[in-house]
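A look at the structure
Here are the chains, one letter per residue:
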Amino acid sequence: MFKKWRLTDRTRMLLKLELALTLPAVALMAFSIWNLKHFQRDQAIEAAYQRDFTHVLKIAESKSWMKANEYLVPVRKEFPSPQDKDVKGKLDRLLEDHPELDYAVLYDKKSNMFVARMTNYDRSQDFCTFIQMDFNDLQSWMQSQAAMYTEHIRMMGEKGEEPVIFYGGWEWKKDKHVYTNESLFVPAGTAKDEITIGIVSFNPDYLQKTFFPGIMKDVLNSKSNAFHQDVNPPAMMIHPYRDNTVWVTSSNWEGEKGEVDYQFSNVFQGMVWSIKFPGTTIADISAKFMRSNFLILGALSVLMLGGILLSYRNISREMNLARLKSDFVANVSHELRTPLALIRLYAETLELGRITSKEKYQEYFRIIREESERLSALINNILDFSRIEAGRKEYEFKETDLSELVRSTLDTYRFQIEQNGFAFEENIAKDIPPVNVDREAIARSLLNLVNNALKYSKDKKFIGVNLYRANGSVKLEVQDHGIGIPPAEQEKIFEKFYRCGDPLVHNVKGSGLGLSLVRHIARAHGGDVKVESAPEMGSKFTIALPLDPSVRQGTAIA
Ligand code: ADP
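Per-chain numbering applies: the sequence of each chain, read as written, is numbered from 1 onward. Local features are withheld for residues below a pLDDT of 70 in this predicted model, meaning they are given only at 70 or higher, and side-chain atom pairs are given and counted only at 80 or more; totals for whole chains, interfaces and linings count all residues. Side-chain numbers come from the whole structure's heavy atoms, not from hydrogens or water.

So, the overall build of the protein
We apply this condition: The secondary structure listing takes helices from DSSP runs of H or I that are at least 4 residues long and strands from runs of E that are at least 2 residues long, numbered from the N terminus. Atoms considered for the radius of gyration are the C-alpha atoms alone. The globule rule reads 2.2 Å times the number of residues to the power 0.38. Only protein chains enter the accessibility calculation, which uses a 1.4 Å probe. A residue is then buried if its area is under 20% of the maximum for its type, exposed if over 50%, and partly exposed in between. Note on contacts: a residue pair qualifies if any of its non-hydrogen atoms lie within 4.5 Å across the two residues. Charge assignment in this entry is limited to Lys and Arg as positive and Asp and Glu as negative, and neither His nor the chain termini are counted. The atoms used to mark charge sites are NZ of Lys, CZ of Arg, CG of Asp and CD of Glu.
When helices and strands are tallied, the protein shows 11 helices and 16 strands. Here the protein has a C-alpha radius of gyration of 51 Å; the compact-globule value for 558 residues is 24 Å, and the former is much larger. Overall, the C-alpha framework of the protein stretches about 160 × 55 × 40 Å when taken along its three principal axes. Per-residue burial for the protein yields a buried fraction of 44% across its 558 residues. Taking contacts inside the protein between residues at least 6 apart in sequence as the whole, the part at least 24 apart equals 68%. For the protein, the distance from the average site of its 72 positive side-chain charges to the average site of its 73 negative ones is 8 Å.

Listed below in structure tokens is the structure:
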């Protein structure tokens, strides 16, 4: 009844501990998996990359705008005003000084001036025709719109903005898709109320070969670009609006299409910038991220599971030990009480002096001696055990004649063994050389083994002790025909406090310390102890002690 209650209590305790560990761990894992799934479903990674890509392209636009303005600052300064005498010559010089420009135009409403000049270096017939077409468009455009533009540009200036309006777009001229662009401003020397406009156009070749590649490089190296330190930085490409023909690319561009397109609107309108990672796609990156995260989660789960199992094992081992310890206290108190009660009883009887027969005297004295021997053996075991536990057990190794040691140890026991109705066989080989051992410890081991053989035998009462030499060691065997030990328990019996589950064992007094001491002693001598046994068939314990003392690992083993 008591035992049953304790078992359920123990199970409950284990369950609680496991729940305290398992539940949060499982919850954490489930939450992480749910989170990842959510991430996957919302395509959160793809969206984040797309955001970053768009941001990079916006940087490209603002850099292009700044760069274009930078070019225009000296141009605006050097630009002639309608009052200048040689407007044509000044415009030609300006174009010579600024090879990035294709043409320059000055329009003044009051004087109805429209002077348009194009660069004069070797240009194709087409180029001249195209530009002439632009000039014609511009002239009529200015006549109707110049007033509005002048006002707009002046307002920009008053607001502290760069006073330049940019236009751009693609046109089919003959069978060519050509980029046209205009930058409109009010020339520096113009009076406040005049409607005067200066127009320049950037050379598309220059834009394509120098300007935009430079901007791309600049953007990729810019610190505000999220991919600034990436091993695989994104690649960029520019193509005309509604036309996927590649126009400009960064050096790492490959393939046809980008992942994100962004159309410029503040400057160089009509340009569409594309961006992507070379050699991979955002979808691939996202899939890889998911895969590695799931893998990591999997690995973590396995680790966690391992941890839980380990802690489960540790906890149950600790609880087992706690149970064994409490059994031990009960057993030891019982073991101490019984011989003490017997000693007291017989001593008191002797004291009364009523015993007349000599044999009775002898018998009573013998019982008192045997019981006190049992007590000392038990107390010695406990003392040894506590020394071992505290790491203070020391052995005194001395060259010893093992045959003599075994014989004399058994002699003190022989009478008791035979009194208990045991057949006793002792085989001590003649060729046992002196061995370096701790005499007392070996004697105690032998006593423990013989004592166990006595305790754990039922009807077949036999004890055999053999001492012989084999394979570089001396073997000390104690054999019985007793209850035996089930295979599952044959390793456990050497653990401290362990006692077999057999009911007979529980009716026999014991502390569960004897065999753990025997093993400790054997190992301290560089040897070991083994058991061969089968239930109801008896047991054979063998202590092997190496002849070569160098095998020994030291004098104290905790
Ligand atoms: P104790 O005998 O005090 O219980 P031991 O450490 O000497 O402690 O033995 C541990 C257990 O091993 C015993 O409780 C018993 O179950 C089992 N055992 C030891 N020796 C024998 C034996 N000769 N035959 C059967 N069982 C044994």
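Topic: the sheet that holds strand S7 (residues 248-249)
Whenever strands of a sheet pair, they do so through backbone hydrogen bonds, lying parallel or antiparallel. Formally: Should DSSP find at least two bridges between two strands, the strands are regarded as paired. Angles run from 0 to 180 degrees between N-to-C directions of axes, and those axes are lines fitted to C-alpha atoms, restricted for helices to the stretch in contact.
Read across the sheet, 4 strands follow the order S7-S6-S9-S8 without closing on themselves; strand pairing throughout is antiparallel. Every interior strand has two partners, whereas the edge strands, S7 and strand S8 (260-263), have only one. Bridge count for strand S6 (residues 235-240) against S7 is 2 bridges, and the pairing is antiparallel. Opposite Met237, over in S7, you have Thr249 as the bridge partner. Across the sheet, helix H2 (residues 44-78) is in contact with S6, S8 and strand S9 (271-276); its angle to S8 comes to roughly 30°. Sitting on the sheet, helix H5 (residues 204-221) is in contact with S6, S7 and S9, with an inclination near 145° to S6.

Remarks on empty space enclosed by the protein
Short version of the rule: Each cavity reported here is a set of points on a 1 Å grid over the protein atoms alone in which a 1.4 Å probe fits but cannot get out, each pocket an open set with protein on both sides within 12 Å along at least five of seven lines, and each lining residue one with an atom within 4 Å of a point. Grid points are joined across faces, edges and corners, and a volume is the space filled by probe spheres set on the points.
Inspection of every chain in the model, using the stated rule, returns 2 cavities of 30 Å³ or more. As a volume, the second largest cavity reaches approximately 40 Å³. Considering the residues around the second largest cavity, the lining is formed by Glu370, Glu373, Arg374, Tyr413, Gln416 and Asn451. The greatest single-element share of the lining of the second largest cavity, amounting to 3 residues, is contributed by helix H7 (residues 358-389).

So, the site of the ligand
Just so we agree on the cut-off: Residue proximity to a molecule or strand is established when one non-hydrogen atom of the residue lies within 4 Å of it. For this analysis, a polar contact is any N or O atom pair within 3.5 Å, provided that within protein one partner can donate a hydrogen and the other can accept it, and provided that sequence-adjacent residues contribute only side-chain to side-chain pairs. Reported accessibility uses the Shrake-Rupley method at a 1.4 Å probe radius. Residues are deemed covered only where the shown protein chains occlude them. Under this grouping Gly is polar, as are all residues other than the nonpolar Ala, Val, Leu, Ile, Met, Phe, Trp, Tyr, Cys and Pro and the charged Asp, Glu, Lys and Arg.
Around the ligand, the structure places 20 residues, and the nearest of them are Tyr456, Asp480, Arg499, Ser511 and Leu515. Here a nitrogen atom of the ligand sits 2.8 Å away from a polar atom, N or O, in the side chain of Asp480. Relative to its unbound accessible area of 530 Å², the ligand is 98% covered by the protein chains. Across the shell around the ligand, the residue classes tally to 10 nonpolar, 7 polar and 3 charged.

Looking at unusual backbone geometry
Despite not being glycine, Phe268 has its phi angle at roughly 45°, a positive value. The topology assignment puts Phe268 in the loop between S8 and S9. On the basis of relative accessible area, Phe268 is assigned to the buried category, the value being 2%. For Asn471, which is not glycine, the phi dihedral falls at a positive 45°. Tracing the backbone through its elements, the reader meets Asn471 in the loop between strand S13 (462-470) and strand S14 (473-480). Judged by relative accessible area, Asn471 falls into the exposed class, the value being 75%.

Concerning the domain arrangement of the protein
Spelled out, the test is: For the domain bounds, the source is a domain assignment made automatically or taken from a database.
The domain boundaries assigned to the protein delineate domain 1 (24-285), domain 2 (316-391) and domain 3 (393-551). For domain 1 versus domain 2, the separation of C-alpha centres amounts to 103 Å.

Focus on the pattern of salt bridges
The following threshold applies: Just to be clear on terms, a salt bridge is a Lys or Arg side-chain nitrogen sitting within 4 Å of an Asp or Glu carboxyl oxygen.
In this structure the tally under the stated criterion is 20 salt bridges. Among the ionic pairs, Arg444 bridges to Asp384, the shortest N-O distance being 2.5 Å. Of this pair, Arg444 sits in helix H9 (residues 439-455) while Asp384 sits in helix H7, and the two are 60 residues apart along the sequence. A salt bridge links Lys398 to Glu396; the shortest N-O distance between them is 3.6 Å. A relative accessible area of 53% means that Lys398 is categorised as exposed.

A closer look at the sheet that holds S14
The sheet built from 5 strands is open, its strands ordered S11-S13-S14-S16-S15 with mixed pairing. At either end of the open sheet lies a strand with only one pairing partner, and these are strand S11 (423-428) and strand S15 (528-534). Going from strand to strand, the sheet's axes swing by 15° on average, the running direction of each strand aside. For S13 and S14, the ladder comprises 8 bridges, and the chain directions are antiparallel. Its bridge partner being in S14, Ile463 is matched across the sheet by Asp480. Packing against the sheet, H9 makes contact with S13, S14 and strand S16 (538-546), and its axis sits at approximately 25° to S14. On the sheet, helix H11 (residues 514-524) packs against S15 and S16 and is oriented at approximately 135° with respect to S15.

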